[in-house]
Amino acid sequence: MWAYIVLVAVILAILHAYQKNYFRIIRFIFTLDGPKTVPILGNANLFIEGNVLQRIADEHQNYGRIMRIWMTFVPHVVLIEPEDIKILLQNKKHIAKASFYKLVDDFLGKGLITQDVDKWTVHRKILESAFTSHMLQKFIETFGECADRLVDKLLEKDGEDINITTFVNNSVYDIVKETILGIPASQTYNDGEDKFRKNQFMMTYRFARPWLLINWIYRLTAANKSEKQHQNELIDYCSKKMEEMHRSLQKNDFFNDPRTGKTSLLQFMIKYMINMNDPPITKQEAIEQCCTFMLAGQESVATATAITLFYLAKNRKWQEKCIEEFNEIFGEDRRLPTIEDLKKMKNLEMCIKESLRLYPTVPLFARTLGEDMTVGEHVIPAGCNVIIMPYCTHRLPHHFPDPHDFKPERFSLENSKEMHPCAYIPFSYGRRNCIGKQFAMYQMQSTISAILRNSELEPVLGKENFLAQYRVTIRAHGGLWIRIKANDKYKPKQSYTSGTETSDFSECGVPH
């Protein structure tokens, strides 16, 4: 009897927390079809096991235009077709994140990813100024320097089979710590900084234990204490960096590197708050935004870069197309790429986009409807959580013939003209799209072009494929294995050059 009472209490608490319009939504949900559920967990077991994407991609055509899934006792609608996704994402009434994003508050904090609409609207407008082309251009040199250092590390393994993900992860981390926190990319990690590489993410753990979806119960657990301690350590570290940088900037009376004009996100936040009499962002909020970008900006870019390299190793034709393109851009010049050079890398851009089509690093996101939404003959009630799965949408054969094949030509200028705007959404779409899209693309182009200008990639026998698993972002189970061989142009870098400027290896984009 007590077990039943506790179960009912858990259900009611979850429903109260997650759905204000629950019973109307329930009536609608029961008109839809979807994957078979299991008691209590609903379809949450698919997320826990990491195979939800493949299941939905394989089976969605069996369930009609829209389908339902249950995450414990909370129902969700799933949209797969681009036409339906556009209805959702272009409507400003539907920009609130779905209720399950609350489960990542203790991991990411209240940054752009998890903020409520009112806060997000204000902070997004502020942060957009930090991601303009002018601001990004200042860090192109940093991207190139870190990429060349990565090449040297890779070619210490010349001719060997390597898991490319390990090397790329390290390089991407070097870049984000400089561009977000203003820490020199060449600086050795210290203990506080290295905590940004430790994963304390507990969402799937909580789905496997539905009673932990009730926050006051979860607050009592060792898992929450560990997650919260980790978040506090990151916030404390960023807070100290902010205070240290604030003192230094006031003392020296400048807000960026006087030689390069670089401004890290943390510096940008400090400058913004100093220049405003009553800034609409607090110190704590600025720190949480930096923590969010540090945590979210690593794995997504690193995975996309590594998967692109993996496919280029398997597809010699496209690898050669990219190399020919680099030869046209650079000739015999060994300089670092400029932003104009990156814009000319059309073949590489197509390869990156095709990799992101096959394996969007954030393969699932969700919104809560701000009003009723009509999709075909269905009227989805306001308050309903709606899930978008780019991984599945990107594999629709009527939008992408031979959807499981690597075909970068899909993204040629000519072919892209006919593409539905929501058929390809690795960075989302609409007002709440990824603010760092161009930052990520330039970073990936810089890294991959440096590798291909200095080496050749080959697949590893027996490891030509990989198993993708979903853990909020996509991960390659067992790693991504390739063989790398130095070409006749490769020479270990003693200094790095960009245009006519030269900077020492030890000064990799140091903001003062």
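Refer to the structure above for everything that follows.
Quick notes on the rules
- Residues numbered from 1 in each chain as written.
- Predicted model: local features only at pLDDT ≥ 70, side-chain atom pairs only at ≥ 80, totals over all residues.
- Heavy atoms only, no water.
- Helix = DSSP H or I, 4+ residues; strand = E, 2+ residues; numbered from the N terminus.
- Buried < 20%, exposed > 50% of the residue type's maximum accessible area, 1.4 Å probe, protein only.
- Contact = heavy atoms within 4.5 Å.
- Areas by Shrake-Rupley, 256 points an atom, 1.4 Å probe, with all protein chains shown as cover.
- Pairing = 2+ DSSP bridges.
- Core = buried A, V, L, I, M, F, W, Y, C linked by side-chain atoms within 4.5 Å.

**Q** Now, about the overall build of the chain: what can you tell me, with residues and values included?
**A** Within the chain, the regular secondary structure consists of 22 helices and 14 strands. Burial analysis of the chain (512 residues in total) assigns 57% to the buried set. In the chain, once contacts between residues fewer than 6 apart in sequence are set aside, the share between residues at least 24 apart is 77%. With an accessible surface of roughly 22500 Å², the chain has 52% of that area assigned to carbon and sulfur atoms.

**Q** Report on the sheet that holds strand β5 (residues 365-368), specifying residues and quantitative values.
**A** Overall, mixed pairing links the five strands, which are arranged β1-β2-β8-β5-β3 in an open sheet. Of all the strands in the sheet, the pair left with one neighbour each is β1 (66-71) and β3 (96-97). Across two bridges, β3 lies against β5 in antiparallel orientation. Each bridged residue has a counterpart across the sheet, and for A96 the counterpart in β5 is T368.

**Q** Go over the pairing of strand β10 (residues 467-471) with me, naming the residues and quoting the values.
**A** Across five bridges, β10 lies against strand β11 (residues 473-477) in antiparallel orientation. The residue of β11 that forms the bridge with A468 is A476.

**Q** Now, about the nonpolar core: what can you tell me, with residues and values included?
**A** Counting 158 residues, the largest nonpolar core has V77, F100, L181 and F196 as its most contacted members. Of all the elements, helix α16 (residues 283-314) adds the most residues to this core, at 17 residues. In this view, L181 contacts V176, F196, Y237, C238, K241, M245, S264, L266, C290 and M294; residues no more than four positions away in its chain are not counted. Counting residues in each nonpolar core, the second largest holds six residues, with M202, I214, I217 and Y218 among its members.

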